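Take a look at the letters that make up each chain.
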Amino acid sequence: MDRFVIEGGARLSGRLTIKGSKNAALPLMATALLTDQPVVLKDVPDLADIVNMRRLLAELGCEAEYAPATDPGAAGGTMSLRSHDESLSHAKYEIVRTMRASICTLGPMLARRGYARISMPGGCAIGDRPVDLHLRGLEAMGAHITLDGGDIIARVRGGRLRGARIFLGGPFGSTVLGTSNVMSAAALAEGTTIIESAACEPEVVDVARLLMAMGARIYGAGSPRITIEGVESLRGATHRVIPDRIEAGTYMCAAAITNGDLTLDNCPVDVLLAAIDRLERAGVNIVPSGGDTDQLRTTARITSSRVLQPIEVTTQPHPGFPTDLQAQLMALLCLADGNSVITERIYPERFLHVAELQRMGARLLRQGPTVVVSGVKKLVGAPVMASDLRASACLVLAGLAAQGTTVVNRVYHLDRGYERMEDRLRMLGARIERLSDKQEALAVEAVG
Ligand code: EPZ
C-alpha cells in the first residue's frame, strides 16, 4: 500500500487548475444507462472511483472509453460512454462495496430496462449511509423492491415508471445521490414527478443539465422542489463536468495552512461561498477574478497571513458549509489563535481524523457531533493513517504545516478523490513523496 512522506514547513505558491468534480462525474456517467446513444463527458478527473464506475458500467453493458487530458494543466480527460447491452442489470457486491456511488446506476437501469439488481451498499468509515430514501422515491414511482442475498432487486410494475410526488428529506437533510437517482429515473417515467426537499447541491444541478441536454424536461434543479415531466426516450449529448468544489476548497486550505500564495483556475467560487466565508473569517484572503459570469469557473487567489482567528463552523446541506471540507478545515483551525468549534450535521461520526491529528500535537475535544479545536503554536510530524478520503486530505494538510516528517499511510483513499495529489502539491513547492511498499523494500535492500 502506498504512503506519502511529507517534510513539513514549505510554503506553497503557484498556480493550479481545479479538476472536474468527482461527485458530479459519477452520477453523470450513470446517466449513459438511460439511452443507447453516446454520452460524452469532458473534464472527467482521473481517479480510482472513476475507474471503478467504468468497470461497473462495463458489467452493466455500457462501455466507457477514457482519454486522459494531454495537457497537464487541463481540468480532466474525456469520457465517451455508450450502452450497448441492456440485458445486463446486475451490479455485483465486488464493485459496489468499493464505491457507494454505484447506487446511482439503480434509477437509470430501472427506468430504461425495467429491472435492476444491485448489491446493497454497506456502512462505511464515515458512518451509516442508508439508501432508504433512494428506494422510497423509486417505489413511489411504481417500482417493486425486494431484498435477496444482500441485493436490492427492483422491478417496474406495469412496464413503465409513473410520475409521483416524492419527499426526499431525511434526518440529516436531503440526499444528494438519491435526488440524482430519482430525478434520472423520473426523466423517463410516464407523467410528472415532483421531488420535494430535493438536494440543492451543484452536482445535482450538473446531472439535471446533462439530462436536459439529452432531452429531459426538468425544472427547478438547485432548489428544494424539482419538477420532471417524463419523456419517452432520451438522446446522447456532450457535457462538461463542473469543477470540483471540494478539491478547490482543499487547496484553499493548503494555501492557508502553509501561509502560501496560490492561484486556482477553473475554481467554482459561486458554489463555495460558505467555505469562503468561513476561511475569510479565519483570516484567509480569497480574491476571485475573471471567469464566467456565473463565477462557476473563475480564478481565485488565496493568500494568508501568519495569525489565524478561531471560528465556529457547522456542516450543512448546500449552500451551507460542506461536510466534505470539514476535516480539511479542522487541520487549519488546529493552528488558529484560540478555540474553534466544529459541528458535523451530515455525518455525526465523520471524525476519523481527530485521533490522528491528536498524534500530531493537536488539542481536540470531541463531544458527540461537535469538536472543540484549541489552537496550538505548531503541529509535529508523525506516522498517521485514516480510513476515508477527506480525513486523509486533512492529514496531508496537517503534514504540510507540521514540524518534521509526517507519513500518511493508506493513500489509496486519496487516490479515490484527488488526482495526483502529491505531484500537484510538489509542483507548488511542497516536499512530498509517494512511497510504495515495493520502493520501500528496495530502499531497505540498498541500505542493507
Ligand atoms: C454524497 O454522498 C457525496 N458522494 C459525499 O461525498 C457527500 O459527503 C454527501 O453527498 C453529502 O454532501 C458522492 O456524491 C459520490 P447523502 P451521498 O445521501 O449522496 C443520510 C466524499 O468525500 N441518508 O446526501 O451518498 C446519510 O446517511 C463523499 O466525496 C439517509 O438517511 O450522501 C447522510 O447522513 C463522502 N438515507 C445524509 O443523509 C438515504 O437514503 C446525506 O447523505 C440517503 C442518505
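For the structure, check the block above.
In this report, the structure presented in the accompanying data block is examined. (Residues numbered from 1 in each chain as written. Predicted model: local features only at pLDDT ≥ 70, side-chain atom pairs only at ≥ 80, totals over all residues. Heavy atoms only, no water.)

1. Structural notes on the pairing of strand β13 (residues 192-196)
- As defined by bridge partners, strand β10 (residues 165-167) adjoins β13 across three bridges and the pair is classed as parallel. Paired with I166 across the strands is I195, a residue of β13.
- Pairing analysis gives five bridges linking β13 to strand β15 (residues 225-229), with the strands arranged antiparallel. Looking at β15, one finds that E196 is bridged to R225. (Pairing = 2+ DSSP bridges. Helix = DSSP H or I, 4+ residues; strand = E, 2+ residues; numbered from the N terminus.)

2. Remarks on helix α9 (residues 273-282)
- Among all positions of α9, only A274, A275, I276, R278, L279 and A282 are buried.
- Considering only its buried residues, α9 is in contact with α8 (245-257), β18 (284-289), β20 (312-314) and α10 (326-333).
- Among the residues trailing α9, G283 stands out with phi positive, at a value near 110°. (Buried < 20%, exposed > 50% of the residue type's maximum accessible area, 1.4 Å probe, protein only. Contact = heavy atoms within 4.5 Å.)

3. Regarding the nonpolar core
- The biggest cluster of nonpolar side chains holds 77 residues, and the ones touching the most others in it are L41, L81, M141 and M183.
- Among the elements that make up this core, the one with the highest residue count is helix α1 (residues 22-30) (six residues).
- Residue contacts for M183: discarding those within four places in its chain leaves I195, V204, V207, A208, L211, I218, I226 and I228. (Core = buried A, V, L, I, M, F, W, Y, C linked by side-chain atoms within 4.5 Å.)

4. Digging into the site of the ligand
- Taken together, 23 residues form the shell around the ligand, and within it L133, T175, D324, I346 and R390 come nearest.
- Between an oxygen atom of the ligand and a main-chain N or O atom of P130, the distance comes to 3.3 Å.
- Taking 830 Å² as the accessible area of the ligand by itself, protein coverage stands at 91%.
- Those elements that place two or more of their residues in the shell around the ligand are α1, α5 (132-140), α6 (176-187) and α12 (389-401).
- Sort the elements by how many residues they give to the shell around the ligand and α5 lands first, with three residues.
- For the shell around the ligand, the per-class residue count stands at eleven nonpolar, five polar and seven charged.
- Counting contributing residues, the shell around the ligand receives three or more from each of domain 1 (3-18 + 243-447) and domain 2 (22-240). (Near = heavy atom within 4 Å. Polar contact = N/O pair within 3.5 Å; in protein donor to acceptor, adjacent residues only side chain to side chain. Areas by Shrake-Rupley, 256 points an atom, 1.4 Å probe, with all protein chains shown as cover. Nonpolar A, V, L, I, M, F, W, Y, C, P; charged D, E, K, R; others polar. Domains from an automatic or database assignment.)

5. What to know about the sheet that holds β18
- Read from one edge to the other, the open sheet built from four strands follows the order β2-β17-β19-β18, with strand pairing classed as mixed. Among the strands making up the open sheet, the edge pair consists of β2 (13-17) and β18. Ignoring which end each strand starts from, the neighbouring axes of this sheet average 15° apart.
- Summarising the sheet, β18 and strand β19 (residues 298-304) pair through six bridges and their orientation is antiparallel. By the bridge assignment for β19, V284 is matched with S304.
- Lying on the sheet, α8 is in contact with β2, β17 (261-267), β18 and β19; it crosses β17 at an angle near 170°. (Axes fitted to C-alpha atoms, helices over the stretch in contact; angles between N-to-C directions.)

6. What about the sheet that holds strand β7 (residues 115-119)?
- A sheet is described by the order of its strands in space; here four strands give the open sequence β6-β7-β9-β8, paired in mixed fashion. Each of the sheet's edge strands pairs with one partner strand only, and the pair in question is β6 (90-91) and β8 (143-148).
- In terms of strand pairing, β7 meets strand β9 (residues 151-156) through five bridges, oriented antiparallel. Across the sheet, the residue bridging to S119 is D151, located in β9.
- This element, helix α4 (residues 106-113), spans β7, β8 and β9 of the sheet and lies at about 160° to β7.

The analysis is restricted to geometry; functional conclusions fall outside its scope.
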